[in-house]
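# Analysis of the macromolecular model
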Amino acid sequence: MTDSYLRPGLPAPTPQPDGLDAPFWEGLGAQRLLLQRCNACEGWQWGPEWCCHRCHSFDLRYEETPAEGVIYSHERVWHPVHPALKEQGPYVIVLVELPHADGVRIVGNLIGDPEQPLIIGTPVVGYYEHHTDDDMRHTLLQWVVA
Amino acid sequence: MTDRTLRGKVAVVGVAETEYYKWGQSPDPEFKLAIEAVLKACADAGVDPRDVDGFSSYSNDRSEASRLSAALGCRELSFASMQWGGGGGGGSGAIANGAAAVATGQAECVIVFRALAQGQFGRFGQGPRMKTVSGPAAHTLPFGLMSAAQMFAMKVNRFMHDHDIHQEALRAISLASYAHAQNNPRAVMHGRPLDEATYDASRWIVEPFHLFDCCQENDGAAAMVLVAAERAKDFPHKPCYVLAAVSGSQHRAGAPVHNTPEYASSGFTTVAPRLYDMARLGPGDVDVLQSYENFTGGVLMSIVEHGFCKPDEVNDFLTVDNLLAPSGKLPLNTSGGNLAECYMHGLGLNIEAVRQIWGASTSQVPGADVALVGSGPMVTPVSSSVFGSEGTL
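Rules of the game
- Residues numbered from 1 in each chain as written.
- Chains lettered and ligands numbered in written order.
- Predicted model: local features only at pLDDT ≥ 70, side-chain atom pairs only at ≥ 80, totals over all residues.
- Helix = DSSP H or I, 4+ residues; strand = E, 2+ residues; numbered from the N terminus.
- Rg over C-alpha atoms; globule rule 2.2 N^0.38 Å.
- Buried ≥ 20, exposed ≤ 12 C-beta atoms within 10 Å, placed from the backbone.
- Contact = placed C-beta atoms within 7 Å.
- Pairing = 2+ DSSP bridges.
- Axes fitted to C-alpha atoms, helices over the stretch in contact; angles between N-to-C directions.
- Parallel < 35°, antiparallel > 145°, perpendicular 65-115°, else oblique.
- Expected span 1.5 Å × (residues − 1).
- Nonpolar A, V, L, I, M, F, W, Y, C, P; charged D, E, K, R; others polar.

Of regular secondary structure, chain B possesses 13 helices and 13 strands. Its C-alpha atoms give chain B a radius of gyration of 19 Å, within 12% of the compact-globule value 21 Å for 393 residues. Here the C-alpha coordinates of chain B stretch approximately 50 × 50 × 45 Å along the principal axes. Taking all 393 residues of chain B together, 62% fall into the buried category. Considering only residue pairs separated by 6 or more positions, chain B has 79% of its internal contacts joining residues 24 or more positions apart.

This part is about the overall build of chain A. In terms of helices and strands, chain A carries one helix and nine strands. Rg of the C-alpha trace for chain A: 16 Å, near the compact-globule value of 15 Å for 146 residues, within the 12% margin. Counting over 146 residues, chain A shows a buried share of 37%. In chain A, the proportion of contacts linking residues at least 24 apart, taken out of those at least 6 apart, comes to 55%.

This part covers the pairing of strand β9 (residues 218–228) of chain B. Every other side chain in a regular strand lies on the same face of the sheet, so the side chains alternate between the two faces. All names here are of chain B. Of all eleven residues in β9, ten are buried; the element is thus mostly enclosed. Of the pairings in the sheet, the one linking strand β1 (residues 10–17) to β9 comprises seven bridges and is antiparallel in character. Within β9, the position partnered with Glu17 by the bridge is Ala222. Relative to β9, strand β5 (residues 109–117) runs antiparallel, the two being bridged by nine bridges. Directly across from Arg114, in β9, lies its bridge partner Ala222.

Residue and element names in this part refer to chain B. Viewed as axis vectors pointing N to C, helix α6 (residues 167–181) and helix α9 (residues 296–305) meet at an angle of 100°, and their least axial separation amounts to 9 Å. Taken as axis vectors, α6 and α9 run roughly perpendicular relative to one another. Residues Ala169, Leu170, Ile173 and Ser174 of α6 pack against Thr296, Gly297, Val299 and Leu300 of α9.

Residues and elements named next belong to chain B. The end-to-end C-alpha distance of helix α13 (residues 347–358), which contains twelve residues, comes to 17 Å, matching closely the 16 Å that a straight helix rising 1.5 Å per residue would cover. With eleven of its twelve residues buried, α13 lies for the most part within the structure. Residues of α13 that are buried: Leu347, Gly348, Leu349, Asn350, Ile351, Glu352, Ala353, Val354, Arg355, Gln356 and Ile357. Of the residues flanking the end of α13, it is Gly359, one or two places downstream, whose phi is positive at about 80°.

What follows concerns the interface of chain B and chain A. The interface of chain B with chain A comprises 37 residues on the first partner and 35 residues on the second. At the level of secondary structure, the elements contributing two or more residues to the side of chain B that touches chain A comprise β6 (132–133), α5 (148–163) and β7 (204–206) of chain B. The element best represented in the side of chain B that touches chain A is α5(B), accounting for six residues. Taken together, the residues of the side of chain B that touches chain A break down into 17 nonpolar, 15 polar and five charged. Bridging between strand β1 (residues 12–13) of chain A and β6(B) involves two bridges; their strand directions are parallel. Across the sheet, residue A:Pro13 finds its bridge partner in β6(B), namely B:Val133.

Given 3.6 residues per turn, any residue in an α-helix points the same way as the ones three and four places further on. Residue and element names in this part refer to chain B. For α9, the tally of buried residues reaches ten of ten residues, placing the bulk of the element in the interior. Where α9 is concerned, the buried positions are Thr296, Gly297, Gly298, Val299, Leu300, Met301, Ser302, Ile303, Val304 and Glu305. Phi for Gly307, located one or two positions after α9, is positive at around 80°.

Right, let's talk about the sheet that holds strand β4 (residues 60–64) of chain A for a bit. Residues and elements named next belong to chain A. The antiparallel open sheet is built from three strands, whose spatial order is β3-β2-β4. Since the sheet does not close on itself, it has two edges, and those belong to β3 (44–45) and β4, each with one partner. Alignment of strand β2 (residues 34–38) against β3, held across two bridges, turns out to be antiparallel. Bridging across to β3, Gln36 finds its partner in Gln45. Relative to the sheet, helix α1 (residues 22–29) contacts β2 and β4, its axis offset from that of β2 by approximately 140°.

Looking now at unusual backbone geometry. Of the consecutive residues A:Trp46 and A:Gly47, the connecting peptide bond is found in the cis state with omega at -5°. Within the fold, A:Gly47 resides in the loop between β3 and β4. A positive phi angle is found at A:His56, which is not glycine, with a value near 70°. A residue is classified by how many C-beta atoms lie within 10 Å of it, and A:His56, with 10 of them, is exposed. Phi is positive for B:Asn333, which is not a glycine, with a value near 50°.

Here we take up the environment of A:Glu97. Of note, A:Glu97 is situated in strand β6 (residues 91–98). The contacts of A:Glu97, once residues within four sequence positions are left out, are A:Gly69, A:Val70, A:Tyr72, A:Gly103 and A:Arg105.

Take the packing of helix α3 (residues 91–103) of chain B against α13(B) next. All names here are of chain B. Axis separation between α3 and α13 bottoms out at 8 Å; the angle between their running directions is 65°. For the pair α3 and α13, the contacting residues are Gly91, Ser92 and Ile95 in the first and Leu347, Leu349 and Asn350 in the second. Of the residues assigned to the contact of α3 with α13, the class counts are three nonpolar, three polar and no charged.

On to the pairing of strand β12 (residues 370–375) of chain B, then. All names here are of chain B. Taken across its six residues, β12 has six buried, putting it largely inside the fold. The alternating pattern of β12 places Val370, Leu372 and Gly374 and Ala371, Val373 and Ser375 on opposite faces, both of which are buried. Relative to strand β13 (residues 382–388), β12 is paired through six bridges, and the arrangement is antiparallel. Across the sheet, the residue bridging to Val373 is Ser385, located in β13. Between β12 and the antiparallel strand that follows it, β13, lie six residues; Gly376 among them carries a positive phi value of about 75°.

So yeah, pure geometry; function would need other evidence.
So this is what it looks like as structure tokens:
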């Protein structure tokens, strides 16, 4: 696998058994960010829902949106709560707002120096982190300062 | 509309807690702790436990109402209620549900309780250990976002950024709780005072939370007894009435993956106005505040959303002097709260509010007539309650 931002051993994401978010995970594997969009009112929504929260249409699609956003909020974690992170040291989680998709938000890590300054509003771009070295293949969308 | 209120219809006539322990140190299992708390609350009220006919709890309490009713030999069970939602968001909501049952004649004597033995069933501050994850958590856990502190720090960072709030405001909340705990022999942190230098030097858990911004992990149980207001004077304590108790959250607070529109919020922006409407009073009438501290940042936003100060006044308003009983502008968490008394999922804060109305707190606010409780900020639903003396009716 490529080097991952966090040490290996955290729970690996798998699509929901009911299929609701499967296109999202498949998209990440192909280095594409696919999020829900309503065919009736064209509104974006995330996380995934079975109907559009605006117009209640069940006619939703997954549509690609650029992996470009701004830091909506952030946190620098120091205290590990999982054995895999015991030797990790500090790490950064960002909540990224996606202006090309009605401002919906997505969670990821901010790649780079874990003690870098964290400033709300900073533009960031996506980085596809492929985990391929075990039976739990998956891809995470991470972020770097643009 | 006048009948559609809980105001003044229900009284709290007994409260109690077990001994409070650091997690893992209770000699007793959780269900036994629950029974002990209920029996002690009944003894405090002078109620025969067999006359309890309702139980109300929250956060998926494991001590199920029918089991409690059977174990205690109650004559019958008339009301059994569980408030949806996690964390301590249901602390006041469980009181609202129990009070509604009493006020509408569904039950005569309802116990509101919470029993929690994190030593027996697992610590809240630890991440999950499964190999794979699906559903909403799949969009957060793989990034190391897995504890309550990590779920909420980003809300607080955004709020502090938007309103230029300084770390000292969080520190003042923590110091006030610890100061009050030094007067309270029930408090786990009794005898362990906290000063500014110790707070400042303490390790980060997740910025902006130092160790002392985070609640404890504990074992114990707590309970209170509700009866109809007409009976309030038949019991040993001076009357303490439920003036309001409501729960809820704003538009799409439960939107997954941190997508709630009103993100930098404790969740009270719609709850607090309904609370004050029901109580027929405002923040200026509140003598003492118990505000749930999962983390100090949640208290900060709760104080703003309950109208005690504006966001841009936080740095000036949240000082230790303002938050200390007996004479601060807004005495806060006078038992030591979740930070320094015990993390009994916040029911201890409701009990402390009642004790303030009774004049029985270990950090008493002289003549307190109105006590407000905000339960479980940043989860959904949250809830709030107001308790008042006879003079407030």
